[in-house]
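Listed here are the chains, written in short residue letters.
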Amino acid sequence: WYHKPDINEELLQSLPNLKVVASSGVGIDHLDLKLLSSYGVKVANTPFVVSTDTADLGMALMLASSRRLVEGHEMAVSPDTEYFPADWLGVEVSGATLGIVGMGTIGYKVAERAKGFEMKILYHNRNQRKKEEESAVGAVYCKKIDDLLQQSDFVLLAVNLTPQTQKLIGKRELELMKPTAILINISRGLVVDQDALVEALQNKVIKAAALDVTYPEPLPRDHPLLKMKNVIITPHIGSATKKTRWVMMEEMVESIEAGLAGLPIPREVL
């Protein structure tokens with residue numbers, strides 16, 4: 001079910017009775033909605049069930065990268081380790097400034113969690129949230145992404161992949177970030193210019209990166225990001241818990257059954 005088969009014109013021509021395509025998760029960047037619509041095929045996804053787990057993973061990546069958890073584990077279990085160096089330090093999360101790019105359902109849930117760490121929360125979004133929603137998590141709206149990048153200790157990406165967000169974070173944006181800042185991406189790999197990220201990490205333009213998404217997935221085994229100690233990469237597991245994947249499948253089946261019965265499709269992508 002992982003974005004397979006490829007829903008292209010050849011497949012659609014071979015399936016004249018196709019009524020509905022149900023896609024797992026929230027991202028629909030792998031589907032040509034206009035093409036599907038031209039064949040009379042409806043599309044459904046599972047946008048809301050993934051948000052809690054993905055927000056949890058965003059926090060996990062922030063904590064792991066700031067406290068150098070993977071490096072620390074490798075040191076602790078290495079057969080070459082004879083002592084733990086006293087000057088092996090991470091950076092604090094509590095009280096730091098978190099910049100959230102994309103304050104949708106996932107971004108807002110990250111803010112709710114970050115509030116518990118007494119973080120100062122900035123966010124950049126197409127539309128400003130309601131004042132009561134902002135005050136509930138203590139979030140401050142940045143109309144310009146540049147303002148968020150310049151002030152944040154952690155920059156977390158939680159946007160949908162669209163033509164407007166592709167390579168949203170490139171060389172210019174990375175250079176605006178603090179040299180002590182950490183970039184966390186739980187959205188889509190193409191939101192970041194990966195070559196620019198490699199260069200920024202190599203030249204210490206930013207401190208570190210924690211990525212649940214890359215392009216391609218998985219990365220080629222000789223990719224520079226795989227060799228960097230200041231990079232954590234997980235295999236696109238934002239929604240990967242037993243309960244959530246079960247509910248995702250139930251929602252997909254529900255949408256398929258509704259589409260076949262000619263009923264309104266829950267969670268239809270219009």
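Note that the coordinates shown come from a computational prediction; the quantities given were computed from them, not determined experimentally.

### Here's the deal with the domain arrangement of the chain
(1) Moving on: Each domain of the chain was delimited in the assignment, giving domain 1 (9-48 + 240-261) and domain 2 (51-233).
(2) Moving on: Taking the mean C-alpha position of each, domain 1 and domain 2 sit 30 Å from one another.
(3) Moving on: Facing the six residues of domain 1 at the interface are six residues of domain 2.
(4) Moving on: Summing both partners gives a buried area of about 540 Å² for domain 1 against domain 2, and 40% of it is carried by carbon and sulfur.
(5) Moving on: On the domain 1 side of the interface with domain 2, the three residues burying the most area are V26, D29 and F48, jointly 65% of the side's total.

### Describing the UniProt feature "domain: D-isomer specific 2-hydroxyacid dehydrogenase NAD-binding" (unreviewed entry) in the chain
(1) Moving on: Taken from the UniProt record, the annotation "domain: D-isomer specific 2-hydroxyacid dehydrogenase NAD-binding" (unreviewed entry) applies to residues 59-238.
(2) Moving on: Within residues 59-238, the helical portion is 32% and the strand portion 16%, while the C-alpha atoms at the span's ends are 11 Å from each other.

### As for the sheet that holds strand β8 (residues 208-211)
(1) Moving on: A sheet is described by the order of its strands in space; here seven strands give the open sequence β5-β4-β3-β6-β7-β8-β9, paired in parallel fashion. Two strands close off the open sheet at either side, each with one partner strand: β5 (139-141) and β9 (231-233). Neighbour-to-neighbour, the strand axes of this sheet turn through a mean angle of 15 degrees, independent of strand direction.
(2) Moving on: Of the pairings in the sheet, the one linking strand β4 (residues 120-124) to β5 comprises three bridges and is parallel in character. When the sheet's bridge partners are listed, L122 is paired in β5 with V140.

### Quick look at the sheet that holds strand β1 (residues 20-22)
(1) Moving on: Taken together, three strands build an open sheet; the order of strands is β1-β2-β10 and the sheet is mixed. A single partner strand is all that each edge strand has here, and the edge strands are β1 and β10 (268-269).
(2) Moving on: Taken together, the three bridges between β1 and strand β2 (residues 42-44) define a ladder with parallel strand orientation. What sits directly across from A22, in β2, is A44.

### Here's the deal with the pattern of salt bridges
(1) Moving on: Counted according to the given criterion, the structure contains twelve salt bridges.
(2) Moving on: Its salt-bridge partner being R188, residue D29 comes within 3.2 Å of it at the nearest N-O pair. Here D29, found in the loop between β1 and α2 (33-38), pairs with R188, found in the loop between β7 (182-185) and α9 (194-202); they are 159 residues apart in sequence, far enough to count as distant.
(3) Moving on: Here R172 makes a salt bridge to D146, at a shortest N to O gap of 3.0 Å. With R172 in helix α8 (residues 171-176) and D146 in helix α7 (residues 145-151), this pair connects stretches of sequence that are 26 residues apart.
(4) Moving on: In this structure R172 comes out as partly exposed when scored by relative accessible area, which is 44%.
(5) Moving on: Owing to a relative accessible area of 23%, D146 belongs among the partly exposed residues under this scheme.

### So, the pairing of β7
(1) Moving on: Alternating residues of β7 divide into I182 and I184 and L183 and N185, and every residue in both groups is buried.
(2) Moving on: Where strand β6 (residues 154-157) lies against β7, four bridges are found, and the strand directions are parallel. Paired with V155 across the strands is L183, a residue of β7.
(3) Moving on: Taking the sense of rotation as the criterion, the β-α-β connection linking β6, α8 and β7 turns out right-handed.
(4) Moving on: In this sheet, β8 lies alongside β7 in parallel orientation, the contact comprising four bridges. When the bridges of β8 are listed, L183 appears paired with A209.

### Looking at the side chain of E71
(1) Moving on: One can find E71 in helix α4 (residues 69-77).
(2) Moving on: A polar contact of 3.1 Å, which involves the side chain of E71, links it to the side chain of R68.
(3) Moving on: Look past the residues within four positions of E71 in its chain and what remains in contact with it is W88 and K229.

### Observations regarding α9
Because an α-helix packs 3.6 residues into every turn, residues spaced three or four apart end up facing the same way.
(1) Moving on: All buried positions along α9 are accounted for by Q194, A196, L197, V198, A200 and L201.
(2) Moving on: Among the structural elements, α8, β7, β8 and β9 are those in contact with the buried residues of α9.
(3) Moving on: Looking one or two places after α9, you find K204, whose phi comes out positive at around 60 degrees.

### What to know about the pairing of β6
A regular strand carries its side chains on alternate faces of the sheet.
(1) Moving on: Alternating residues of β6 divide into F154 and L156 and V155 and L157, and every residue in both groups is buried.
(2) Moving on: Direction of pairing for strand β3 (residues 97-101) relative to β6: parallel, over a ladder of four bridges. The residue bridging V101 from the neighbouring strand is L157, located in β6.

Cut-offs and rules
Residues numbered from 1 in each chain as written. Predicted model: local features only at pLDDT ≥ 70, side-chain atom pairs only at ≥ 80, totals over all residues. Heavy atoms only, no water. Domains from an automatic or database assignment. Contact = heavy atoms within 4.5 Å. Buried area = accessible area lost by both parts, 1.4 Å probe. UniProt positions renumbered as here; feature names shortened; annotations may be inferred. Helix = DSSP H or I, 4+ residues; strand = E, 2+ residues; numbered from the N terminus. Pairing = 2+ DSSP bridges. Axes fitted to C-alpha atoms, helices over the stretch in contact; angles between N-to-C directions. Salt bridge = Lys/Arg side-chain N within 4 Å of Asp/Glu carboxyl O. Buried < 20%, exposed > 50% of the residue type's maximum accessible area, 1.4 Å probe, protein only. Right-handed = clockwise from strand over helix to strand, strands pointing away. Polar contact = N/O pair within 3.5 Å; in protein donor to acceptor, adjacent residues only side chain to side chain.

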